[in-house]
Amino acid sequence: MKEKVAWIWLHELKGLILSQKKQLLELYQTPLAIYNLPVESLQIRGVDSLALEYAEEIYEKSAQMGVEIFTLEDAHRAGFEASHKLWPLVIYYRGNPPNSHSVALIGTRDLSAMGYYFVEEILEKMRREDNNVYAGFASGVEKVALEGALIKKMPATAVLTHGLETCYPKRQLRLMGKLIEHGTLISPFPIGATPNKYAFVMRNQLLALMTKQTILVEASLTSNALSIAQWAHMYDRTVLTIKGPPKSVKCAGNNALLKSKIAMPIDVRLQQDISLHFYHKVAQRLKIEPMCFDQIIQTFGTEYPDITSLVLMLEHNRIVSLNSLGKWVYNGW
Amino acid sequence: MASQIKTIGINGIVGYVIDVQVKVLGGPFTMNIVGLGDAAIKEARDRIESALIHLDLRFPRKKIVVNLSPSDIKKSGTSFDLPMLIGLLMETEQITPIDVNFNNIAFIGEVGLNGELNHTRGILPMVVEAKHSGFKKVVLPRDSIDEASLVKDIELLGFATLHDVLLWLEKSVYQPFLEFNKTNGKTESTKLDYSDVKGHNHILEFVAIAASGNHNMLLIGPPGCGKSMIAKRIPSILPPLSDTETLEVLAIHSVAGNLKQHHGRNDRPFRAPHYNTSSNAIIGGGNYAMPGEISLAHNGVLFLDEMPEFSRQTIEALRQPLEDQCVTVTRVKQTNTYPANFILLGAMNPCPCGYSGSSKCICSPHEIIRYRKRISGPVYDRIDIQKFLSSVDLFQSEPSGHAIDSRTLATIVKRTREIQRKRFANESIRTNSQMNNAQILKYCKLDRESTDYLRTAFERFSFSARAYHSIIKVARTAADIRQSEEIEIQDIRTALMARDLDKETGGRY
């Protein structure tokens, strides 16, 4: 039996919890040795040869789909801090092998323009420090981080909640293709696994485990990204975040992490021209009250004769946008 | 040899020459009309017999065969009565025409039981075809002269009764028809003015663009904000129809049989069907593949108020006409292709209750999405200008000098249309909205700055290729309004401001 198949067999084996499997590995060194043990000595109920057939099936299907197996041993060799009790025995990946010099970028799916520009600045900082970008695969901060990293030709890794033969959400199929070609896709789940609510918890834990640092860009108080930050803190990883305005709802999660000392503030600033746009009179007025274009003309038409160009310039820079009610809204914090 | 009289038939709005051949044979008394005529043509036998008896003329009790050649094309209508009757009289030698060349004359008209000549639908395209086919004269009912007189350079002879026709044929006696009373061109719709519209000056800029370039437009706003008011005033700024356009419009209305309802010869049609109107009535249909509202709006405006309330089938059926500016209606008895080059003006509320964004709104997000989805993406995509309107504060005074009236807009539209007329003088199109991809490349060159700006917007808002070209066409019209040969970045900005619905996803990543 191939060694990788044995690893998959042990990883997928029912009847033993992860810590027990790791204890067996400590005793017997390799999954193959564990496999050759008599069933009675394992004191497991319900273990049978089907587990091996399933492992072989996963291995063959993975090989067909270009999915590689990254074992606990591989993780140690690659320099990951894989000794944590929750580190899985097997991780599946496509593309380049996982890189341990890594930082996770996390945050809300409902990303604001300010969060978008902060992601850009953080990516630039990471590029200078030669870091690998890790993120989930959701829209918002994670999507922008992965796309930005690929554009900057940085190593980018997405951690998924399902088997690597499918794409969830489907609208990110193109990003998935780019990551397979130029980056890495990782999942703790074998081919055929579909996303469910428990999968997201396991993915978040893995994301926190695999990275040395976690940076929360933007999150409200109800954002799931806060749980990743909390996991990272629990695993003794460094957690950083951006301090936001005290009363802002969009970055209330950032401020909560800072207040509870789970995270430290990161030193990152927006470029001056972008910052000026955010503090433009028209933008600040829309922050207080979304307005339709006729109202904008009535309020600012005298002061800014070319108000159309001004609003479009702000829209072009993502500072303001038109919502589904036909009103222009501010996209900052 | 059979008598041969010329007449004109119509297929859709296109006429074609028909030879009416009449032969009296020996045998039992019958009158067979062959050549794929419909029931109305077959009933002509009784009308002809009655008219002849009324004039003390003989209806021969022998076998009569009337052939409508070409015999393999389906024919319909009652306009063949007169030529059949004349042919029968010639065949039975009951009339002796003097100095009449039947090869140069077309006879058109329905004959009543007492020998009167009655108007039929489709007279205008018939006379147009008669002129194209080289006829010098057209004999038709006096009631049809008004409609037929739009065609120049052909002699029209209008007669009230069959007796007058025979008098002209045998004795060259003809009483000329007096000039009809032309309308002053002013109709109800042209009396409306944009100076009545308060607080939507920004939207009026796009109304001018829509009218100038023939671009489709959708207005979205709460009840009472002025959507219908703005839409109904569009005819007040559209330029009058050119001669060619007039003929096209009147031909369609003539075929549809509602020429008298089309007020004002030079006014552009403004059709506003109720949302309960059937799909066939909007697109065209019926047993004889008649034109629908979209063809009746040709060279004018089709206004769909409460657009999501129209049936899904009706709205989806608009896709092809919006793209191709024509519609093909296929039925068992006939297939016709009608032109349908119109400005589609739609009006809708932002949500089912209409008050989205205010405290009055009771709609859930799912209800709003479901309501908006009644109009599919491909139809939205074909609408070049999509603008949100807000409620108007009637008590807020208008800044002085800012009221825009129809006269000002009409001047702008007229000037811009003239620019397009010169631009497309050697093309088969008339307005910017009709440009195809090759014409866009030829007439809408963009500088580097505009291209980059457009590329960013294209990526940001995930525009389709159709939307991309639509933006360029609108930018072309905006540049024409500025009387600029070149499209500049300000025109691209204006065009991007025109697509509010596409930008709803602009804040999401």
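Residues numbered from 1 in each chain as written. Chains lettered and ligands numbered in written order. Predicted model: local features only at pLDDT ≥ 70, side-chain atom pairs only at ≥ 80, totals over all residues. Heavy atoms only, no water.

J.: Can you explain the overall build of chain B? Please cite residues and give values.
T.: From N to C terminus, chain B includes 20 helices and 18 strands. Viewed in the frame of its principal axes, chain B has a C-alpha envelope of about 85 × 45 × 45 Å. A buried classification covers 54% of the 509 residues belonging to chain B. When contacts within chain B are restricted to residue pairs at least 6 apart in sequence, long-range pairs at least 24 apart make up 74% of them. In chain B, the 61 positive side-chain charges and the 57 negative ones have mean positions that sit 3 Å from each other. (Helix = DSSP H or I, 4+ residues; strand = E, 2+ residues; numbered from the N terminus. Buried < 20%, exposed > 50% of the residue type's maximum accessible area, 1.4 Å probe, protein only. Contact = heavy atoms within 4.5 Å. Lys, Arg positive; Asp, Glu negative; His and termini not counted. Charge placed at Lys NZ, Arg CZ, Asp CG, Glu CD.)

J.: Quick rundown of the overall build of chain A? Include the residues and the values.
T.: A count of helical and extended segments in chain A gives 16 helices and 11 strands. Counting only C-alpha atoms and orienting by the principal axes, one finds that chain A spans roughly 85 × 40 × 35 Å. With 333 residues in all, chain A has 54% of them scored as buried. When contacts within chain A are restricted to residue pairs at least 6 apart in sequence, long-range pairs at least 24 apart make up 72% of them. Accessible area for chain A stands at about 16,000 Å²; split by element, carbon and sulfur atoms hold 52% of it. Counting 36 positive and 32 negative side-chain charges, chain A places the centres of these two groups 6 Å from one another. (Areas by Shrake-Rupley, 256 points an atom, 1.4 Å probe, with all protein chains shown as cover.)

J.: Just give me the short version of the interface of chain A and chain B, but keep the residues and values in it.
T.: Facing the 28 residues of chain A at the interface are 22 residues of chain B. Summed over both sides, the interface of chain A with chain B buries roughly 2,200 Å², with 57% coming from carbon and sulfur. Among the residues chain A hides against chain B, the three largest losses belong to Leu312(A), His316(A) and Leu322(A). Together they make up 25% of the total. Joining chain A to chain B, the criterion identifies 0 salt bridges. If you look at where chain A meets chain B, you find 4 residue pairs in polar contact (both at pLDDT 80 or more). Taken together, the elements giving at least two residues each to the side of chain A that touches chain B come down to helix H7 (113-128), helix H8 (141-151), helix H15 (293-300), helix H16 (307-316) and strand S10 (320-322) of chain A. A per-element tally of the side of chain A that touches chain B places H16(A) first, with 6 residues. Broken down by class, the residue content of the side of chain A that touches chain B amounts to 12 nonpolar, 12 polar and 4 charged. (Buried area = accessible area lost by both parts, 1.4 Å probe. Salt bridge = Lys/Arg side-chain N within 4 Å of Asp/Glu carboxyl O. Polar contact = N/O pair within 3.5 Å; in protein donor to acceptor, adjacent residues only side chain to side chain. Nonpolar A, V, L, I, M, F, W, Y, C, P; charged D, E, K, R; others polar.)

J.: Let's hear about the sheet that holds strand S6 (residues 184-187) of chain A: which residues, and what values?
T.: Residues and elements named next belong to chain A. Spatially, the 9 strands line up as an open sheet ordered S1-S2-S6-S5-S4-S3-S7-S8-S9, and their pairing is mixed. Looking at which strands have only one partner, the edges of the open sheet turn out to be strand S1 (68-71) and strand S9 (264-265). With 4 bridges connecting them, strand S2 (residues 90-95) and S6 associate as antiparallel partners. By the bridge assignment for S6, Tyr92 is matched with Ser187. Across the sheet, helix H1 (residues 3-12) touches S1 and S2, and the angle it forms with S2 is around 125 degrees. (Pairing = 2+ DSSP bridges. Axes fitted to C-alpha atoms, helices over the stretch in contact; angles between N-to-C directions.)

J.: Outline the sheet that holds strand S10 (residues 217-220) of chain B, listing residues and values.
T.: All names here are of chain B. As summarised here, the arrangement of the 5 strands in space is S11-S14-S17-S10-S18, forming an open sheet in which the pairing is parallel. In the strand order of this sheet, the two ends are held by strand S11 (270-271) and strand S18 (385-388), each with one partner. In this structure, S10 lies alongside strand S17 (residues 343-348), joined through 4 bridges in parallel fashion. Its bridge partner lying in S17, Met217 is registered against Leu345. Docked against the sheet, helix H7 (residues 201-213) engages S10, S17 and S18, running at close to 165 degrees with respect to S18.

J.: Residue-level account of the layout of surface pockets, with values.
T.: Quantified by volume, the largest pocket comes out at close to 1,600 Å³. Surrounding the largest pocket, 37 residues form its lining, Lys143(A), Glu147(A), Arg318(A), Glu459(B) and Tyr509(B) being those nearest its centre. The set of elements that each furnish at least two residues to the lining of the largest pocket consists of H7, H8 and helix H9 (173-182) of chain A together with helix H18 (448-461) of chain B. Class assignment of the residues belonging to the lining of the largest pocket gives a composition of 11 nonpolar, 10 polar and 16 charged. (1 Å grid on protein atoms, 1.4 Å probe; cavity = no way out; pocket = protein on both sides within 12 Å on 5 of 7 lines; lining within 4 Å. Points joined across faces, edges and corners; volume = space filled by probe spheres on them.)

J.: For the pattern of salt bridges, give the residues involved together with the corresponding values.
T.: Residues and elements named next belong to chain B. Within this structure, the stated rule accounts for 39 salt bridges over all chains. As a salt-bridge pair, Asp81 and Arg47 come within 2.6 Å of each other at their nearest N and O atoms. On the criterion of sequence distance, the pair formed by Asp81 in helix H3 (residues 81-91) and Arg47 in helix H2 (residues 44-54) is long-range, its members being 34 residues apart. We note that Asp81, like Arg47, is buried. Measuring nitrogen to oxygen at the nearest pair gives 3.3 Å for the salt bridge that ties Arg382 to Glu323. Residue Arg382 is located in the loop between helix H15 (377-381) and S18, and its partner Glu323 is located in helix H13 (residues 319-324); the two are separated by 59 residues in the primary sequence. Because the salt bridges share partners, they merge into one network encompassing Glu323, Asp381, Arg382, Arg466, Arg499 and Asp502.

J.: Run through the packing of aromatic side chains, naming residues and quoting values.
T.: According to the stated counting rule, one finds 18 aromatic pairs over all chains in the structure shown. A centroid spacing of 5.9 Å and a plane angle of 45 degrees characterise the contact between Phe159(B) and Trp168(B), whose relative ring orientation is tilted. For Phe159(B), a relative accessible area of 3% gives the class buried. Using a relative accessible area of 8% as the deciding quantity, one classes Trp168(B) as buried. Stacked on the ring of Tyr116(A), the Lys or Arg Arg318(A) has its end atom at 4.0 Å from the ring centre. Looking at Arg493(B), its charged tip hangs above the ring of Tyr453(B), at a distance of 5.5 Å from the centre. (Phe/Tyr/Trp six-rings, centres within 6.5 Å; stacked < 30°, edge-to-face > 60°. Lys NZ or Arg CZ within 6 Å of the ring centre and 35° of its normal.)

J.: Outline helix H14 (residues 365-372) of chain B, listing residues and values.
T.: Residues and elements named next belong to chain B. Ile368, Tyr371 and Arg372 are the residues of H14 that are buried. The buried side chains of H14 occupy one side of the element, clustering within an arc of 95 degrees when seen end-on. Those residues of H14 that are exposed and aimed more than 90 degrees away from the buried face are His366 and Arg370. Buried residues in H14 make contact with S17, H15 and S18. (Arc of directions from axis to C-beta.)

J.: How would you sum up the pairing of strand S4 (residues 63-69) of chain B? Please name residues and give values.
T.: Within a regular beta strand, the side chains point alternately toward one face of the sheet and then the other, so they alternate between its two faces. Residues and elements named next belong to chain B. Pairing of strand S2 (residues 14-25) with S4, which is carried by 7 bridges, proceeds in the antiparallel orientation. Note that in S4 the partner of Leu25 across the bridge is Lys63. Sheet topology note: the strand S3 (residues 30-34)/S4 ladder contains 5 bridges and is parallel. Within the sheet, the bridge partner assigned to Val34 lies in S4 and is Asn67.

J.: Can you explain a negative patch on the surface? Please cite residues and give values.
T.: Taken together, the side chains of Asp447(B), Glu449(B), Glu485(B) and Glu486(B) present a region of like negative charge at the surface. Tracing the backbone shows Glu485(B) in the loop between helix H19 (465-481) and helix H20 (489-497). (Patch = residues over 30% accessible without salt bridge, like charges linked within 9 Å, V, L, I, M, F, W, Y side chains within 5 Å.)

J.: Account for the packing of H8(A) against H9(A), with residues named and values stated.
T.: Packed helices, taken two at a time, are described by their axes: the angle between them and the distance between them. Residue and element names in this part refer to chain A. H9 packs onto H8 with a crossing angle of 45 degrees between their chain directions and a minimal axis gap of 11 Å. Regarding the angle of H8 to H9, the classification is oblique. Relative to H9, the crossing made by H8 is left-handed. Contacts between H8 and H9 involve Lys143, Leu146, Glu147 and Leu150 from the first element and Leu175, Lys178, Leu179 and His182 from the second. (Parallel < 35°, antiparallel > 145°, perpendicular 65-115°, else oblique. Left-handed = near helix turned anticlockwise from the far one by under 90°.)

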